[in-house]
Amino acid sequence: MASLETLRRNWEFQQVFRVGKSLPGREIVMYALRTKRKVARFGFSISKKVGCAVVRNRLRRRLREICRLHLKELKTGFELVLVARSEAGSKDFWVLRQAFQQQAQRLGCWSEPA
C-alpha cells in the first residue's frame, strides 16, 4: 500500500494558497502548485462548518484514500491542497472521487491515459 506525502507546515499550505492555481467545486476546492519534487504531496483542510469531529475525520479519511488510489494517475511534482466544503460531509465516496478526478484534470495535474 503506497503512502502519501503530506503537507504539514502552515507555510507550506500558505505557499500553495498564494502561488498555486485554484479550482472551486461543489464538494471540494482544489489548489495546485507545480514544484520540482519527484512525488505529489497533499494537504487537507476541513472546517468545523462541515460537521462534528466524526464527520470531519471520515471525510479526511475518504479524501486521503482517493488521493492514494489516484497517485499513479497524477503527474509528479504537484502539491495539492483539498479544502472541503460543507456539502462534502454528506456526500459518498464515489461523488468525492469523481469531483477529485474532474478538478485534477481541469487543473492539469492528471496525466493523460496511456
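For the structure itself, look to the data block above.
A short tour of the structure in this document, coming up.

The rules we used
- Numbers given to residues run from 1 along each chain, matching the order in which its sequence is written.
- Only residues with pLDDT of at least 70 are given local features in this predicted model, and only at 80 or more are side-chain atom pairs given and counted; all residues enter the totals for whole chains, interfaces and linings.
- Only hydrogens and water are removed before side-chain values are computed, so all heavy atoms of the structure are retained for them.
- Each helix is a run of H or I in the DSSP string that is no shorter than four residues. Each strand is a run of E no shorter than two, and both are numbered from the N terminus.
- Helix span, as expected, comes to 1.5 Å for every residue beyond the first.
- Burial status follows relative accessibility: with a 1.4 Å probe on protein chains alone, a residue under 20% of its type maximum counts as buried, one over 50% as exposed, and anything between as partly exposed.
- Directions from the helix axis toward the C-beta atoms define the arc.
- DSSP-based pairing: two strands are paired if at least 2 bridges between them are found.

## Section: helix 2 (residues 53–69)
Side chains of residues three or four places apart in an α-helix project in the same direction, reflecting 3.6 residues per turn. When the terminal C-alpha atoms of helix 2 are compared, their 24 Å separation across 17 residues agrees well with the 24 Å that a helix rising 1.5 Å per residue should span. Along helix 2, the positions that sit buried rather than exposed are Val55, Arg56, Leu59, Leu63, Ile66 and Cys67. Each buried residue of helix 2 sits inside an arc of 105° when the element is viewed along its axis, so together they form one side.

## So, the pairing of strand 3 (residues 28–34)
Across the seven residues that make up strand 3, a large majority, five, are buried. Relative to strand 3, strand 2 (residues 21–24) is paired through four bridges, and the arrangement is antiparallel. Residue pairing in the sheet places Pro24 in a bridge with Val29 of strand 3. Count of turn residues in the strand 2/strand 3 antiparallel hairpin: three residues. In terms of strand pairing, strand 3 meets strand 5 (residues 78–84) through seven bridges, oriented antiparallel. Bridge pairing in strand 5 links Ile28 to Ala84.

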